[in-house]
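Working through the structure, step by step
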Amino acid sequence: MSRKTETIPLPATSPGTSRHLTVWRWGTPGARPKVYFQSALHADEWPGIMASHHLSALLDKAEARGEIQGEIIMLPYANPVGLSQSVNDRVLGRFRLADGGGNFNRDWPDLSPAVLEAVRDKLGNNRDENLNIMRKALLEVVSKLPEESEKDAHRKALLGLSVDSDYVFDLHCDWEAMLHLYSHAEHEDITMELACDMGVPVVMLDTGLVGGPFDETHANPWVTVRKELGLNKDALPPACFSTTVELRGQCDVSDELGSLDAANMYRFLIRRGVISGDADDLPKALCKPSPLDAIDMFTAPREGLIAWKKQLGDIIEVGDLLAELIDITEPDLSKARTPVYAQQSGLLFAVHTDRLVRPGTIMGKISGHEPLAHRQGAQLLSN
Ligand SMILES: [Zn+2]
């Protein structure tokens with residue numbers, strides 16, 4: 001085994017308890033490109049843990065062969081806090097139970113204002129110098145973040161490992177879903193390259209820090225600083241490609257899928273020069289990217305039992321009957337069903353795990369390409 005292991009303790013939250021992060025490292029500290037992987041920030045999403053398990057084996061072999069050119073950091077589990085939240089024998093890992101609650105992947109700090117102040121008089125036209133100044137400033141800003149509570153200490157630890165990376169992979173999953181990716185619109189080319197290598201049928205691009213997910217915290221400062229200071233992309237490229245990779249659904253955890261995803265991400269690392277070798281021809285794209293406001297996250301108009309009329313992976317047309325919601329309290333069965341019709345054409349790429357829903361519950365997601373009026377200005381991510 002050639003990986004190096006580091007343990008980062010988190011503050012004890014109650015007498016007699018302790019938690020820590022496990023960090024694996026390959027390659028040479030400080031070498032470029034630097035790549036950061038983390039799994040299960042939403043702690044009830046485990047396909048990324050399986051993919052990381054398989055990827056770590058490939059990286060051990062690459063290191064033994066002397067093929068790792070850059071630096072690779074991996075957290076096989078990013079959220080020991082969420083993993084410990086077992087309630088009635090189920091891990092409830094999406095929302096924090098302590099420290100004020102909240103979604104583990106929302107409201108990450110916007111580092112842009114402090115980074116902008118730190119670099120305002122230092123950046124010029126030398127690209128390499130600018131990259132160094134920006135990365136140093138990002139690390140400096142993170143080093144000053146609060147760390148008293150477990151929540152803050154946890155966030156600061158993750159950002160301290162990741163914020164100066166060239167590539168950030170945040171491995172998640174959806175309820176029942178097909179592979180899909182989120183990233184910043186400025187990284188469309190790299191995102192599509194990764195999508196081709198991984199065989200991804202849905203790619204979503206956004207343009208800002210809406211909702212504050214982990215990936216945008218990394219991509220956003222580069223874009224904000226460049227625009228605020230009027231620099232061009234040659235002088236200050238968006239040098240941190242950060243993506244949320246949704247590795248299908250919560251139950252899609254297997255050696256077969258994990259080893260497939262690991263092999264595909266490994267090939268992308270070769271293609272990007274992180275690991276030496278031949279990446280082969282880029283597979284063909286399975287989709288065009290979608291703006292986030294063209295993704296229809298359709299909701300339940302009332303409470304009820306879902307009878308799906310379309311299946312995950314179906315191609316949908318506007319007006320198609322997606323499902324019926326059954327009012328199980330209605331004795332007149334001719335009146336018991338409420339139809340749910342599609343408002344977007346595209347791929348039905350995610351559906352809720354629950355088949356009995358509340359009004360307003362997101363029932364499923366359709367990837368289209370035409371922006372939707374009812375999605376504009378709305379929260380662009382599910383809660
Ligand atoms: Zn997630």
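The structure under discussion appears in the preceding block.
Anyway, here's the lowdown on the structure attached to this text. (Residues numbered from 1 in each chain as written. Predicted model: local features only at pLDDT ≥ 70, side-chain atom pairs only at ≥ 80, totals over all residues. Heavy atoms only, no water.)

Residue placement: Gly-304 occurs in strand 14 (residues 304–308). Taking the relative accessible area as the measure of exposure, Gly-304 reaches 4% and is therefore buried. With 51 residues separating them along the chain, Gly-304 and Arg-355 place their C-alpha atoms 8.3 Å apart. Setting aside residues up to four positions removed in sequence, Gly-304 forms contacts with Leu-325, Ile-326, Arg-355, Leu-356 and Val-357. (Helix = DSSP H or I, 4+ residues; strand = E, 2+ residues; numbered from the N terminus. Buried < 20%, exposed > 50% of the residue type's maximum accessible area, 1.4 Å probe, protein only. Contact = heavy atoms within 4.5 Å.)

Time to look at the sheet that holds strand 3 (residues 34–39). An order of 1-2-4-3-7-11-9-10-12 is seen for the nine strands of this open sheet, with the pairing classed as mixed. Looking at the sheet topology across the chains shown, the edges are occupied by strand 1 (4–10) and strand 12 (290–291). Across five bridges, the pairing between strand 3 and strand 4 (residues 71–75) is parallel. Of the residues in strand 4, the one forming a bridge with Lys-34 is Glu-71. (Pairing = 2+ DSSP bridges.)

Turning to the coordination of the zinc ion, a few remarks are in order. Donor atoms from the polypeptide that coordinate the zinc ion comprise His-42 (ND1), Glu-45 (OE), Glu-45 (OE) and His-172 (ND1), at 2.1 to 2.5 Å from the metal. With four donor atoms in place around the zinc ion and angles of 55 to 144 degrees between them, the coordination shape is irregular. As a motif over one chain, the donors of the zinc ion read H-x2-E-x126-H. Of this pair, His-42 sits in the loop between strand 3 and helix 1 (47–64) while His-172 sits in strand 7 (residues 167–174); the two residues are 130 residues apart in sequence, bridging distant segments of the chain. A single burial state applies to His-42 and to His-172, both of which are buried. (Donors = N, O, S within 2.8 Å, 3.2 Å for Na, K, Ca; no water. Tetrahedral: all angles 85-135°; square planar, octahedral: opposite > 155°, others 65-115°.)

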